[in-house]
Amino acid sequence: MQLPYSEELNIEYLGRLFDNTSECYKFFWFDALITKVIDGKNEIDYEEMVDEMIAEAWYMVTEYHLNLGPRDTLEGLIDLIKAKNPQLKSCEKKSTILEFLKNTDDREIISKKRILTRNVPYRLQAPFMVNIKGKTWDIGESKLITKINQESRLIYYFKEFEGLSTKITVQEDWMKYIVKNKEIIRGWLECKMIKYLQKRNPSVPGIADKLYPPQERKLDRIKKYWKMILSIEQVRDIYGGQILNEKDMSIDHFVPWSYVAHDEMWNLNPTTKSINSSKSNNLPEWDMYFEKLARQEYQSYRLMWKYDIIHDEFVKCAKEHINNDEIRERVYREGLDYAEFAGELKSIILPVYQSAQNCGFGKWRWKGRK
């Protein structure tokens, strides 16, 4: 993706911001800068920038369990905040996270916020500063600010160094450029970030969907399918053993959506609303629940081939929730007995389950009434 040309600004240098990126900080600092500029701010302090970085990375770390980089300080800080403040949910509103960060007096959190500002505010603009090389970077922050402020045509400059209260001032020409081209610049940044994250999370699906807070999934079609099955035959929830009813039915992702980032039919099963809420984005214990899942799914498979009305609804569901013809043939072709069906289902789900487990998704079992 090409950035829009400008006669006044050096866009070639802008395009090289992420050429040498071993950690994620640059992406989130620049993203915070874009956000503040679009909001009309040209003077921003370090703490505002860091709080914005944390809030943007929050979901990637807590909800999606993405690896942001080797020994990544931003990831470590978010893990620390979450551990110390369990009331902050993985799907918490961004405004709530920002409010917490603004008001916290936790010294450890504040200290680690400060660590995040020791390099990235200065090194982000390195492509613009051809005169600063090698050991020239290894001087105190006050001296480095003085040296950087002597460079010409930067995106932003620095006020006097005051720790987290240090302010940057975005130049007017760059503000106009960012506001005018915000959609393209954000798209360019997202492409760079996706490549970075995919490299560090090679087995994780749906990276592009994990740059943002989790959204409500549209599962109306699959709900209708299971409701039709309930009208013909009793179905038991696989976690608590309750007989399901239409009013209290919810659709669960066996391997959490936070990992798979899709709504494929082979990973969806009906449960109760309270159980689905309790399970959240955890992995159900495999040895306890997979066979129950397979038997529940085989029940729907058997009825689908027995009743035309259910088969017709299955076909409609498949258009939205089965996007791999090979999997459809393996799992849903006519004539499978239970052992064959369960074997095929296991061969599809288990590798995905194990990969999610390796990424840090925790195990879960229902502790309610059986």
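Attention here is on the structure that accompanies the text. (Residues numbered from 1 in each chain as written. Predicted model: local features only at pLDDT ≥ 70, side-chain atom pairs only at ≥ 80, totals over all residues. Heavy atoms only, no water.)

Some remarks on helix α5 (residues 94–103)
Turn by turn, an α-helix covers 3.6 residues, leaving residues three or four places apart pointing in a common direction.
And then number 1: Within the span of α5, buried status applies to I97, F100 and L101. In a view along the axis of α5, the buried residues occupy a sector of 95°, so they form one face of it. Within α5, the exposed residues directed more than 90 degrees away from the buried face are S95, K102 and N103.
And then number 2: Packed against the buried residues of α5 are α3 (46–62), α4 (73–84) and α6 (107–115). (Buried < 20%, exposed > 50% of the residue type's maximum accessible area, 1.4 Å probe, protein only. Helix = DSSP H or I, 4+ residues; strand = E, 2+ residues; numbered from the N terminus. Arc of directions from axis to C-beta. Contact = heavy atoms within 4.5 Å.)

Some remarks on the pattern of salt bridges
And then number 1: Within this structure, the stated rule accounts for 22 salt bridges.
And then number 2: A salt bridge links K159 to E43, with the shortest nitrogen-to-oxygen separation between them at 2.9 Å. With a gap of 116 residues between them, K159 in the loop between β2 (156–158) and β3 (167–170) and E43 in strand β1 (residues 43–45) connect regions that are remote in the sequence.
And then number 3: With a closest N to O distance of 2.8 Å, D51 and K113 form a salt bridge. (Salt bridge = Lys/Arg side-chain N within 4 Å of Asp/Glu carboxyl O.)

Looking at the pairing of strand β4 (residues 249–253)
And then number 1: With 5 of 5 residues buried, β4 is to be regarded as a mostly interior element.
And then number 2: Here β4 shows two buried faces, one formed by M249, I251 and H253 and the other by S250 and D252.
And then number 3: Across 5 bridges, the pairing between β4 and strand β5 (residues 268–272) is antiparallel. Across the sheet, the residue bridging to S250 is T271, located in β5. (Pairing = 2+ DSSP bridges.)

A word on helix α11 (residues 220–230)
And then number 1: Looking only at α11, the buried set comprises I222, Y225, W226, M228, I229 and L230.
And then number 2: Contacts from the buried residues of α11 go to β4, β5, α14 (286–306) and α15 (308–321).

A closer look at the sheet that holds β1
And then number 1: With antiparallel pairing, the 3 strands of this open sheet are ordered in space as β1-β3-β2. Edge strands, defined here as strands with exactly one partner in the open sheet, are β1 and β2. Strand-to-strand twist across the sheet, computed as the mean angle between neighbouring axes with direction ignored, equals 30°.
And then number 2: In terms of strand pairing, β1 meets β3 through 3 bridges, oriented antiparallel. The partner of D45 across the bridge, within β3, is K167. (Axes fitted to C-alpha atoms, helices over the stretch in contact; angles between N-to-C directions.)

Brief notes about the nonpolar core
And then number 1: If you look at the biggest cluster of nonpolar residues, it comprises 126 residues, and the most contacted ones within it are L14, F30, L74, F254 and V255.
And then number 2: Per element, the largest residue contribution to this core is 11 residues, and it comes from α3.
And then number 3: When sequence neighbours within four positions are dropped, the list of residues in contact with V255 reads V260, N267, L283, I349, V352, Y353 and A356. (Core = buried A, V, L, I, M, F, W, Y, C linked by side-chain atoms within 4.5 Å.)

Quick word on the side chain of D45
And then number 1: For D45, the position within the fold is in strand β1.
And then number 2: A distance of 2.7 Å separates a polar atom in the side chain of D45 from the backbone nitrogen of E48.
And then number 3: Apart from the residues lying within four places of it in its own chain, the contact partners of D45 are L164, S165, T166 and K167. (Polar contact = N/O pair within 3.5 Å; in protein donor to acceptor, adjacent residues only side chain to side chain.)

Remarks on the packing of aromatic side chains
And then number 1: Across all of its chains, the model carries 28 aromatic pairs by this definition.
And then number 2: Between W29 and Y46, the aromatic rings sit 5.9 Å apart at their centres with planes inclined by 80°, giving edge-to-face as the arrangement. A residue pair is termed long-range when its members are at least 10 positions apart, and W29 in helix α2 (residues 25–38) and Y46 in helix α3 qualify at 17 residues. An identical accessibility class is assigned to W29 and Y46; each is buried.
And then number 3: Arranged with centres 5.8 Å apart and planes meeting at 80°, the rings of Y259 and F361 form a pair that is edge-to-face. Here Y259 is found in helix α12 (residues 257–260), whereas its partner F361 is found in the loop between α17 (338–358) and β7 (363–364), with 102 residues between them in sequence.
And then number 4: In this structure Y259 comes out as buried when scored by relative accessible area, which is 2%.
And then number 5: Its relative accessible area of 3% is what places F361 among the buried residues.
And then number 6: Here the aromatic cluster, defined as three or more aromatic residues joined through ring pairs, consists of F18, F27, F30, W188 and Y196.
And then number 7: For K210, the ring lying beneath its charged end belongs to Y259, and the centroid distance is 5.1 Å. (Phe/Tyr/Trp six-rings, centres within 6.5 Å; stacked < 30°, edge-to-face > 60°. Lys NZ or Arg CZ within 6 Å of the ring centre and 35° of its normal.)

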